[in-house]
Amino acid sequence: MERVCVAFLWHIHQPFYKNLSTGKYLLPWVLLHGTKDYYDMAYILKEFPGLKQNFNLVPSLVKQLEDYEQAGVKDTYLEVFRKTPKDLADDEKIFLLTNFFNANWENMIRPFPRYYELLKKRGFYYPREGIREIKGYFTDEDLRDIQILFFLAWMDPMFFDRYEGLQYLKSKGKVFSEDDKLVIEEVQRSIIKGIIPLYKELAQAQTIELSTSPFYHPIIPLLIDNKAAREAMPDVRLPEKPFSWPEDASRQIGDAVALFKRLVGTNPKGMWPPEGSVSNDAFKLYVDQGVEWLATDEYILYESIGVPHFRDGNGFLT
C-alpha cells in the first residue's frame, strides 16, 4: 500500500486591532477566539498521542493575547460591556444591539434560550434605519443580559466544566447582575493566560512544532521592493512612487524571532511567509535570521520552478 505523508500546519493569525494612538482595541476577535478556539485546538491533541501538528503563531496575535491577559484592557466592546445599561448612551445601545449578536445563531446563540429570545426580539434581519426604534423596546435588564450572554456564548464548551463561575452563569440564564460581569472578565483572563503556556508545554513534549511569521504579517517581498510584484504579475499596475524598505522587512522577521524566543525559549526553525509570498531576496532575509524552513503553496512552488501544472476534472494536479 502506498504511504501518504500529510503535514498539518495551523496558521493562527489575527490582524492588529489596537489603535496605538488611543491604546484601545477596535474589534474583539482576539479576545473572542482566545476564549473559544485557540486553547482547545491544542488541548485536544492530548487525546491523540503520536498525532503530530504544527501551529504557526503570528506575533501580531500573540502580542494582543498578552494585552488581554491584563485587567482593564481597553477594548471598544468591553467598554460597552462594562457600563451599566442606564449609563449607556443611545449610540452605545445601538452598538450593543448591532454587534453583540455577532455569533453563529444556531450553534452559539440558540443554546442559550434567553439569548435566542433577545435575538428574535431584535430581529434576525431588520432595516438599518429601524434600529433606533427597535432600541426603545429593550429594557435595562434586556441589555444587561445581552452584554453577558454575548461573551458567554463565545466561551468554548470545555470551559463550562472547568469554571464554576461559567456553570453558575449558564444555569442562571437571565436576569444577570453587574457582579456577574466580573465573573466573565475573570474567566476570560484566566483562559487567555493559559494559551501560550499550553502550546509551549506541547512543543516541549514534541507533540507539536511551533513556527511563526514576520511580526505584523507584511508581504515580505513587496516590503523589500514593491517591483517584485512584477515577477509574478508582469502586467501589474504599481504606484508611481517606488517603495523599497528591506531594513523593515528584516526587522519584521527579527522581531518575530525575538518574541518567539522570549515566549518559547528557543528560536523558531520555521516560518509561514505572510500569504505564502516568497522571493529570492526574501529567502536571504529569512536565512540571515536563522530560519531553516518556509511553507507556501503548490502554485507558488510550480511557478517558481517553471513547471507547467493544471487540475483535472476531479481537482487533482496533473
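Procedures and definitions
Residues numbered from 1 in each chain as written. Predicted model: local features only at pLDDT ≥ 70, side-chain atom pairs only at ≥ 80, totals over all residues. Heavy atoms only, no water. 1 Å grid on protein atoms, 1.4 Å probe; cavity = no way out; pocket = protein on both sides within 12 Å on 5 of 7 lines; lining within 4 Å. Points joined across faces, edges and corners; volume = space filled by probe spheres on them. Helix = DSSP H or I, 4+ residues; strand = E, 2+ residues; numbered from the N terminus. Nonpolar A, V, L, I, M, F, W, Y, C, P; charged D, E, K, R; others polar. Salt bridge = Lys/Arg side-chain N within 4 Å of Asp/Glu carboxyl O. Buried < 20%, exposed > 50% of the residue type's maximum accessible area, 1.4 Å probe, protein only.

Considerations on empty space enclosed by the protein
Part 1 of the reasoning: Overall, the coordinates contain three cavities of 30 Å³ or more when judged by the stated rule.
Part 2 of the reasoning: In this structure, the largest cavity encloses a volume near 100 Å³.
Part 3 of the reasoning: In this structure, the largest cavity is lined by 13 residues; those nearest its centre are Leu-57, Val-62, Phe-260, Leu-263 and Val-264.
Part 4 of the reasoning: If you tally residues by element for the lining of the largest cavity, the top one is helix α15 (residues 246-264), at five residues.
Part 5 of the reasoning: Its residues assigned to classes, the lining of the largest cavity comprises eleven nonpolar, one polar and one charged.
Part 6 of the reasoning: For the second largest cavity, the calculated volume is near 50 Å³.
Part 7 of the reasoning: If you go around the second largest cavity, the residues you meet are Leu-31, Tyr-68, Gln-70, Val-73, Leu-78, Arg-82, Glu-185, Gln-188 and Arg-189.
Part 8 of the reasoning: For the lining of the second largest cavity, the element with the most residues is helix α11 (residues 178-193), which contributes three residues.
Part 9 of the reasoning: Broken down by class, the residue content of the lining of the second largest cavity amounts to four nonpolar, two polar and three charged.

Description of the pattern of salt bridges
Part 1 of the reasoning: In the structure shown here, the tally under the stated rule is 22 salt bridges.
Part 2 of the reasoning: We note a salt bridge from Glu-66 to Arg-262, for which the minimum N-O separation is 3.1 Å. Taken together, the residues Glu-66 in helix α3 (residues 59-68) and Arg-262 in helix α15 connect sequence positions 196 residues apart.
Part 3 of the reasoning: A salt bridge links Arg-311 to Glu-298; the shortest N-O distance between them is 2.1 Å. In this pair, Arg-311 is assigned in the segment after α17 (298-305) and Glu-298 in helix α17, connecting sequence segments 13 residues apart.
Part 4 of the reasoning: You can call Glu-298 partly exposed: its relative accessible area is 31%.
Part 5 of the reasoning: Through salt bridges with shared partners, one network takes in Arg-114, Glu-117, Lys-121, Asp-142 and Asp-145.

Structural notes on the layout of surface pockets
In this approach the atoms are scanned with a rolling probe the size of a water molecule, which exposes any empty space left behind.
Part 1 of the reasoning: Reported here for the largest pocket is a volume of approximately 570 Å³.
Part 2 of the reasoning: In this structure, the largest pocket is lined by 20 residues; those nearest its centre are Glu-231, Ala-232, Val-278, Ile-300 and Ser-304.
Part 3 of the reasoning: Elements with a minimum of two residues in the lining of the largest pocket: α13 (220-224), α14 (229-232), α16 (280-288) and α17.
Part 4 of the reasoning: Considering every element that reaches the lining of the largest pocket, the biggest residue donor is α17, with four residues.
Part 5 of the reasoning: When its residues are assigned to classes, the lining of the largest pocket shows eleven nonpolar, six polar and three charged.
Part 6 of the reasoning: In this structure, the second largest pocket spans a volume of roughly 280 Å³.
Part 7 of the reasoning: Along its surface, the second largest pocket is lined by Ala-203, Gln-204, Gln-206, Ile-208, Glu-209, Leu-210, Phe-260, Val-264, Thr-266, Asn-267, Pro-268 and Lys-269.
Part 8 of the reasoning: Tallying contributions element by element places strand β5 (residues 208-212) first for the lining of the second largest pocket, with three residues.
Part 9 of the reasoning: Within the lining of the second largest pocket, the residues separate by chemical class into six nonpolar, four polar and two charged.

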